[in-house]
Amino acid sequence: MATTQEYGLGEFTYPRGWFMIAESSKVTSTPQGVKFFGQEFALYRGKASGKVILLDAYCPHMGTHIGRNTTSYVAQDGAVEDDNIRCPYHAWRFGPDGKCNEIPYSCGPIPPAAKVRSWKVEERMGVVYVWYDAEGGEPDYEVPNIVEAGLPNWVPMRFDDLGELNSHQQEIVDNITDAAHFGPIHGSITQYFENEFRGQYAIQRMGGGHRTLTTSDGPMLETVATYHGPSILITHMIGTHETYMYIAHTPIEDGKVQVWHGLLVKSPNHTDKYTEEDVAIARAYQEVALAAFAQDFEAWTHKRPNTKGMYVLGDGPFLKQRQWYKQFYNPRAQRDEITKGVDGIYHVRGLEAAPKKEAA
Ligand code: FES
Ligand SMILES: [Fe+2]
């Protein structure tokens, strides 16, 4: 693995943006410890509001991890009360704003510094997101959304937690511009390919045959893959079925990421409301999509870091993409300067441009 500095991305170790930190269904009123951006957090769902709460992990009293404890009586009796959480060691209680609001054994005042940071979180499409910004600024774009999620004729997304990958996220982001890997890795016969960079979006439009996601006598596989910021990739795919593939990669520490994969499938039987049979077909197709993603994953798992690529004609616009990616690792005030000359559509020698109907 290599670090952000070795890739020369910018002054911040972790990029600015919205990041997946959990599946909604896995966050309950039993606190859990999670690690992202090189730091520990306590994650739980408030009992009163049902909202997800993410706090810095370490109690200001004596440094106990608020989220990683199961054996104390505080934990056994339920550390979460309404939207508050109690530290297991001496039962100091913290509100969803991170401020200590009760020290059960002390008659003195609560010290003003008795607080932990409470992070900005949002839930959408069954995903819990945190906003991360080394400068501490407010979000400058919305949490990504797929409007079809929640429609009755789309089988709801199920997530595959792929665990940790010992690679820097740059290696994954490179995939969006990697025109030449489709044949060797995925068995695709790429007919058209182009990239577009626009603000926080990086888009790839691709069409062709595919050995696994469509059949030789079936429709062409056409995909529009869009990075919404530095870590969420949503791909609209029209092949054997119409789907959205969801990929999220969140840094655990510098040079290591947590990866999730999900698939939202339009009713394969074209019914107004998806059926049990649709669910079975969707889940089977998800396995195929996951197998295609695993082909990339295996290459990433064993490669050395690509801190200096040897690019040739026919490769995608890697250097533009890496320049686009730098906007998230540097102060916002420098963004326009960093992305100057990057926004636009790029074609690859030897491949057709995407048909104009494809709009992101
Ligand atoms: S260490 Fe948390 S209450 Fe004492
Ligand atoms: Fe790939």
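Parameters and conventions
Residues numbered from 1 in each chain as written. Chains lettered and ligands numbered in written order. Predicted model: local features only at pLDDT ≥ 70, side-chain atom pairs only at ≥ 80, totals over all residues. Heavy atoms only, no water. Salt bridge = Lys/Arg side-chain N within 4 Å of Asp/Glu carboxyl O. Helix = DSSP H or I, 4+ residues; strand = E, 2+ residues; numbered from the N terminus. Buried < 20%, exposed > 50% of the residue type's maximum accessible area, 1.4 Å probe, protein only. 1 Å grid on protein atoms, 1.4 Å probe; cavity = no way out; pocket = protein on both sides within 12 Å on 5 of 7 lines; lining within 4 Å. Points joined across faces, edges and corners; volume = space filled by probe spheres on them. Nonpolar A, V, L, I, M, F, W, Y, C, P; charged D, E, K, R; others polar. Domains from an automatic or database assignment. Contact = heavy atoms within 4.5 Å. Buried area = accessible area lost by both parts, 1.4 Å probe. Donors = N, O, S within 2.8 Å, 3.2 Å for Na, K, Ca; no water. Tetrahedral: all angles 85-135°; square planar, octahedral: opposite > 155°, others 65-115°.

Asker: Help me understand the pattern of salt bridges in this model?
Answerer: Side chains bearing opposite charge may pair, as long as their charged atoms lie close to each other. With the rule as written, the count across this model stands at 22 salt bridges. The residue Lys 35 makes a salt bridge to Glu 253 at a minimum N-O spacing of 3.0 Å. Within this pair, whereas Lys 35 is found in strand E2 (residues 32-36), its partner Glu 253 is found in strand E16 (residues 242-253), the two being separated by 218 residues in sequence. The class for Lys 35 is partly exposed, based on a relative accessible area of 31%. Where salt bridges share partners, they join Glu 81, Arg 86, Arg 93 and Glu 102 into one cluster.

Asker: Looking at this structure, how should I read empty space enclosed by the protein?
Answerer: Empty space among the atoms can be located by rolling a probe the size of a water molecule over them. Tallying each qualifying case throughout the model produces one cavity of 30 Å³ or more. The space that makes up the largest cavity amounts to roughly 350 Å³. The wall of the largest cavity is formed by 23 residues, among which Asn 175, Phe 182, His 186, Met 245 and Asp 296 lie closest to the centre. Elements with a minimum of two residues in the lining of the largest cavity: helix H4 (182-186), strand E13 (201-209), strand E14 (221-228), strand E15 (232-238), E16 and helix H5 (276-302). Classifying every residue of the lining of the largest cavity by side-chain character gives 15 nonpolar, seven polar and one charged.

Asker: What exactly am I supposed to notice about the domain arrangement of the protein here?
Answerer: Interface extent is often summarised as the accessible area lost during association of the parts. Each assigned domain of the protein is listed here: domain 1 (17-132) and domain 2 (154-347). Centre-to-centre separation of domain 1 and domain 2, based on C-alpha positions: 33 Å. Between domain 1 and domain 2, the residue contacts involve 16 residues of the former and 15 residues of the latter. Between domain 1 and domain 2, the buried area comes to about 1300 Å², and carbon and sulfur atoms account for 67% of it. In this assembly, domain 1 and domain 2 are joined by one salt bridge. Going through the elements one at a time, strand E1 (17-23), E2 and strand E10 (127-132) are the ones with two or more residues in the side of domain 1 that touches domain 2. In terms of residue count, the dominant contributor to the side of domain 1 that touches domain 2 is E1 (seven residues).

Asker: What is the right way to read the coordination of the iron ion (ligand 2) from this model?
Answerer: For the iron ion (ligand 2), every protein donor is listed as His 181 (NE2), His 186 (NE2), Asp 296 (OD) and Asp 296 (OD), and the spread of their distances is 2.2 to 2.3 Å. Each of the four donor atoms bound to the iron ion (ligand 2) contributes to angles spanning 57 to 144 degrees, and the resulting shape is irregular. In the primary structure, the donors to the iron ion (ligand 2) are separated according to the pattern H-x4-H-x109-D. Of this pair, His 181 sits in the loop between helix H3 (169-173) and H4 while Asp 296 is found in helix H5, placing the two residues 115 residues apart along the sequence. For His 181, a relative accessible area of 9% gives the class buried.

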